[in-house]
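The primary structure of each chain is shown beneath.
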Amino acid sequence: MSDPISVLKTHFFVIFWENVKQPKGAPIETIHGNLQGLKPSQLKQLQRLYHQKLPGDRITTSEFAQRLAGVSTDIKEPVCAYINRRGQVIRVGVGTVSQTRIPALELPRYGNGRLSGIRCIATQLKSDVPRESVLTAMAMQRLDVLAILTLTGSGFERRGGGGTGYVKEAYLAHLLPQGEGENQTQLDSPLAPVPYYVSSPMSLDVLSNQDFLDLVDGLEAEFQREFVALDVNSDQDRVLLVGVQTDKISTQRFEEGLAELARLVDTAGGIVLQTLRQKRSRPHPQTVVGEGKTQEIALAAQTLGATLIVFDRSLSPAQVRNLETRIGVRVVDRTEVILDIFAQRAQSGAGKLQVELAQLEYSLPRLTGRGQAMSRLGGGIGTRGPGETKLETERRAIQRRIARLQQEVNQLQAHRARLRQRRQRQEVPTLAIVGYTNAGKSTLLNVLTASEIYAADQLFATLDPTSRRLTIPDAITEEPQNIVITDTVGFIHELPPALIDAFRATLEEVTDADALLHLVDLSHPAWQAQIQSVMEILTQMPITPGPALLAFNKIDSVDGETLRFAQEEYPQAVFISAANALGLETLRRRIAQLIDYAIANQ
Ligand SMILES: Nc1nc2c(ncn2[C@@H]2O[C@H](COP(=O)(O)OP(=O)(O)OP(=O)(O)O)[C@@H](O)[C@H]2O)c(=O)[nH]1
Ligand SMILES: [Mg+2]
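Residues numbered from 1 in each chain as written. Chains lettered and ligands numbered in written order. Predicted model: local features only at pLDDT ≥ 70, side-chain atom pairs only at ≥ 80, totals over all residues.

(A) Examining the site of ligand 1 more closely. The full set close to ligand 1 counts 25 residues, and Gly440, Ser442, Asp457, Thr462 and Gly490 are the nearest of them. Here the residues of the shell around ligand 1 sort into 8 nonpolar, 13 polar and 4 charged. (Near = placed C-beta within 6 Å. Nonpolar A, V, L, I, M, F, W, Y, C, P; charged D, E, K, R; others polar.)

So, in structure tokens, the structure goes:
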């Protein structure tokens, strides 16, 4: 249970379980697509396609193609047959390739080093060149090949059985490897068209004499080579970011949010392959983005071999489920990425405790939500079973664990309170450094107190508060006096509530301090929004913290204009560079004045 990921795994197992249980009772010879108006005899004919077995080394035989074209001509609808590498027909559907395609979650997951191992033979009523949507459907399924048969409109049954004359011509289509060098550009650009090959029309004879194995082996070797060239580290998540810009948010703010999300993913150890954006007046209730965008994400995930989709906003459990079903890749929101970073960073027992609590609190309503969604569908056959029971047990186990962890956090809180009380009895004033993550708080504490606590160009480098003694000249007498200065966990825009709750023992170091030093990274393009976020989080704290001094850091990498602007806007602030020890004497003096003021006004 110490591994919080196991909770999520169970969660995903449940999703998967529900998806596979349905086909169980259904007949194997299901005909997919629109069956309206079909006669029983026509349905039989379609079902008989399942009895065909094709040779493994041919795309199709003439006989199979004619039979498929015959049914299609009879029902005046396109028909698709999907065939695996063993030559078995695994799916038959009435409609185009995009209408009959295999749902993402039912596709074997080969990653983009391989094709899906399934080919499709499809009929097309008109003789036109295959349409874009058909080729997109091919790419989304990573089909081995797609053969499209155009129809003559008539034909006849031979005396010995089997039809002839139904197929007019054939097109052969398949995905193409990207070619060297192009990969890189595709990663940064908005979704480049997926490269594919479409033959000119050929006779059915030529198509059925093509060597299928040769073609597919050649393609896969090429895909594999490119995949290896991408230097894919199997431990790292390959990530697509998805941003939804609603009316409420400016383009600049939206882009800053996406840039921060990319850094979060990077810090968590993922590789961002591509960012997809959509403008909507409000998120789609079921899938956040619209149907077209969902398809685009699925296609990009298939082509780029993504293993994770990260959304820039909170997702409801139902939205996650809907998206995962459509895209076929794990979907998480921003909060989960932040929780994951915290889980990786937590070093001390207290830190680990708080992270686990936060993760459980985040996942609990999601498990519950799932239970409610299932019961809303009504009880009865097929709804009972290990899924629901397991979920209930799991939920209760998590609740018990949360209660126990909360108790431990309470003890931690009491312990920290006793430490602070002892300091207060000795009447040592306390100062807490707060600020947006990566502002330079730990670096400042190090340079002020000659310490060596961990500071790094990462988000959430610090999780546990660290206190050090700092000697500063008294504001009036200039006599050296000791205060305690505490480095704290960084804040972030829209801090997940589960984190605020779980880290309250740590955050109390902030609320209990005599005064605050609010450090701002002036070199960050979004520094103003970051000040705003920190202020908002501070006002949400149960106890209002003491007076605060604003300090702008990293002035060494700030242009003159920004510096002048900030000085005009915040004339009371201090301007420093912690890394280059600039402005520290002024800072010490101002801290002394602040402490003096805070004590006098208590
Ligand atoms: N250029 C410049 N970089 C700085 C300065 N101060 C800190 N940094 C860099 O900023 C990065 C973040 O510093 P930290 O001290 O870890 O920041 P923090 O606020 O403690 O961050 P978290 O603990 O992650 O919230 C590090 O790479 C520092 O080297 C500065 O004055 N100038
Ligand atoms: Mg830090």
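(B) Representation of the domain arrangement of the protein chain. If you check the domain split of the protein chain, you get domain 1 (34-229), domain 2 (238-342) and domain 3 (428-600). Its C-alpha centre places domain 2 at a distance of 32 Å from the equivalent point of domain 3. At the interface, 10 residues of domain 2 touch 10 residues of domain 3. A class-by-class count of the residues in the side of domain 2 that touches domain 3 yields 5 nonpolar, 2 polar and 3 charged. (Domains from an automatic or database assignment. Contact = placed C-beta atoms within 7 Å.)

(C) Quick peek at the sheet that holds strand β11 (residues 271-279). The strand order across the open sheet formed by 4 strands is β11-β10-β12-β13, and the pairing between neighbours is parallel. Either end of the sheet is taken by a strand with one partner, and the two such strands are β11 and β13 (330-333). Recorded for the sheet is a direction-independent mean angle of 25° between the axes of neighbouring strands. Bridge count between strand β12 (residues 308-311) and β13: 4 bridges; the pairing is parallel. Counterpart to Val310 in the pairing with β13 is Val332. Each of β12 and β13 touches helix α11 (residues 317-327); the most contacted strand, β13, lies at about 145° to it. In the packing of helix α12 (residues 334-345) onto the sheet, contacts are made with β12 and β13, and the angle to β13 comes to roughly 85°. (Pairing = 2+ DSSP bridges. Helix = DSSP H or I, 4+ residues; strand = E, 2+ residues; numbered from the N terminus. Axes fitted to C-alpha atoms, helices over the stretch in contact; angles between N-to-C directions.)

(D) Fine view of the UniProt feature "domain: Hflx-type G" (unreviewed entry) in the protein chain. UniProt feature "domain: Hflx-type G" (unreviewed entry): in the numbering of this structure it lies at residues 429-599. The span residues 429-599 is 36% helix and 22% strand, and its two end C-alpha atoms sit 8 Å from each other. (UniProt positions renumbered as here; feature names shortened; annotations may be inferred.)

(E) Representation of the packing of helix α5 (residues 132-141) against helix α10 (residues 291-304) in the model. Remark: α5 packs on α10, axes separated minimally by 8 Å, with the N-to-C direction vectors making an angle of 55°. Looking at the two axes, α5 sits oblique to α10. Where α5 crosses over α10, the handedness of that crossing is left-handed. In this structure, α5 uses Thr136, Ala139 and Met140 to contact α10, whose residues at the interface are Ala298, Leu299, Gln302 and Thr303. Looking at the contact of α5 with α10, its residues break down into 4 nonpolar, 3 polar and no charged. (Parallel < 35°, antiparallel > 145°, perpendicular 65-115°, else oblique. Left-handed = near helix turned anticlockwise from the far one by under 90°.)

(F) Structural view of the environment of Ile102. Turning to its location among the elements, Ile102 is positioned in the loop between α4 (97-100) and β4 (118-124). When the C-alpha positions of Ile102 and Gln141 are compared, they lie 7.1 Å apart, and in sequence the two are 39 residues distant. Apart from residues no more than four positions distant in its own chain, Ile102 is found in contact with Tyr82, Arg91, Leu107 and Gln141.

(G) Fine view of the sheet that holds strand β16 (residues 480-487). Read from one edge to the other, the open sheet built from 6 strands follows the order β15-β16-β14-β17-β18-β19, with strand pairing classed as mixed. Single-partner strands in this sheet number two, and they are β15 (466-473) and β19 (574-575). In this structure, strand β14 (residues 430-435) lies alongside β16, joined through 4 bridges in parallel fashion. From the neighbouring strand, Ala432 faces β16, where its bridge partner is Thr486. Helix-sheet contacts for helix α18 (residues 527-539) involve β14 and β17 (515-521), and the interaxial angle to β17 is about 155°.

(H) Representation of the pairing of β4 in the model. Burial analysis of β4 places 6 of its 7 residues in the buried class, which makes it a mostly covered element. Here strand β2 (residues 79-84) runs beside β4; their pairing, made up of 5 bridges, is antiparallel. From the neighbouring strand, Tyr82 faces β4, where its bridge partner is Cys120. Sheet topology places β4 next to strand β5 (residues 146-151); 5 bridges connect them, and they run parallel. Following the sheet pairing, Gln124 is matched in β5 by Thr150. (Buried ≥ 20, exposed ≤ 12 C-beta atoms within 10 Å, placed from the backbone.)

(I) Fine view of the confidence of the model for the protein chain. Residues of the protein chain with pLDDT of at least 70 account for 86%, and the chain-wide mean is 84. Looking at the elements of the protein chain, mean pLDDT is at its lowest for helix α6 (residues 182-188), recorded as 39, and at its highest for β19, recorded as 98. For residues 1-27, every residue scores under 50 in pLDDT, and the model assigns this stretch 21 contacts once sequence neighbours within four places are set aside. Within the model, pLDDT remains below 50 along residues 368-386, and this stretch shows 14 contacts once partners closer than five positions in the same chain are excluded. For this predicted complex, the interface score ipTM comes out at 0.99, alongside a pTM of 0.78. (pLDDT = per-residue confidence, 0-100.)

(J) View of the environment of Arg263. Summarising the element assignment, Arg263 is placed in helix α9 (residues 251-267). Arg263 sits in the partly exposed class, given 16 other C-beta atoms within 10 Å. Sequence-wise, Arg263 and Leu459 are 196 residues apart; in three dimensions their C-alpha atoms are separated by 7.7 Å.

(K) Fine view of the packing of α10 against α11. Relative orientation of the contacting elements α10 and α11 amounts to 55°, with a least axis distance of 9 Å. Judged by the angle between their axes, α10 and α11 are oblique. The two elements α10 and α11 cross, and the hand of that crossing is right-handed. Residues Thr294, Ile297, Ala298 and Ala301 of α10 pack against Leu323, Arg326 and Ile327 of α11. Its residues assigned to classes, the contact of α10 with α11 comprises 5 nonpolar, 1 polar and 1 charged.

(L) Just helix α20 (residues 584-600), in detail. In this model α20 runs 24 Å from its N-terminal to its C-terminal C-alpha over 17 residues, within 8% of the 24 Å that 1.5 Å per residue would give. Among the residues making up α20, those that are buried are Leu587, Arg590, Ile591, Leu594, Ile595 and Ala598. Buried positions in α20, seen along its axis, are confined to an arc of 145° and lie on one side of it. Away from the buried face of α20 by more than 90 degrees, exposed residues Glu585 and Ala600 are located. In this structure, the buried residues of α20 make contact with β14, β15, β16, β17, β18 (548-553) and β19. (Expected span 1.5 Å × (residues − 1). Arc of directions from axis to C-beta.)

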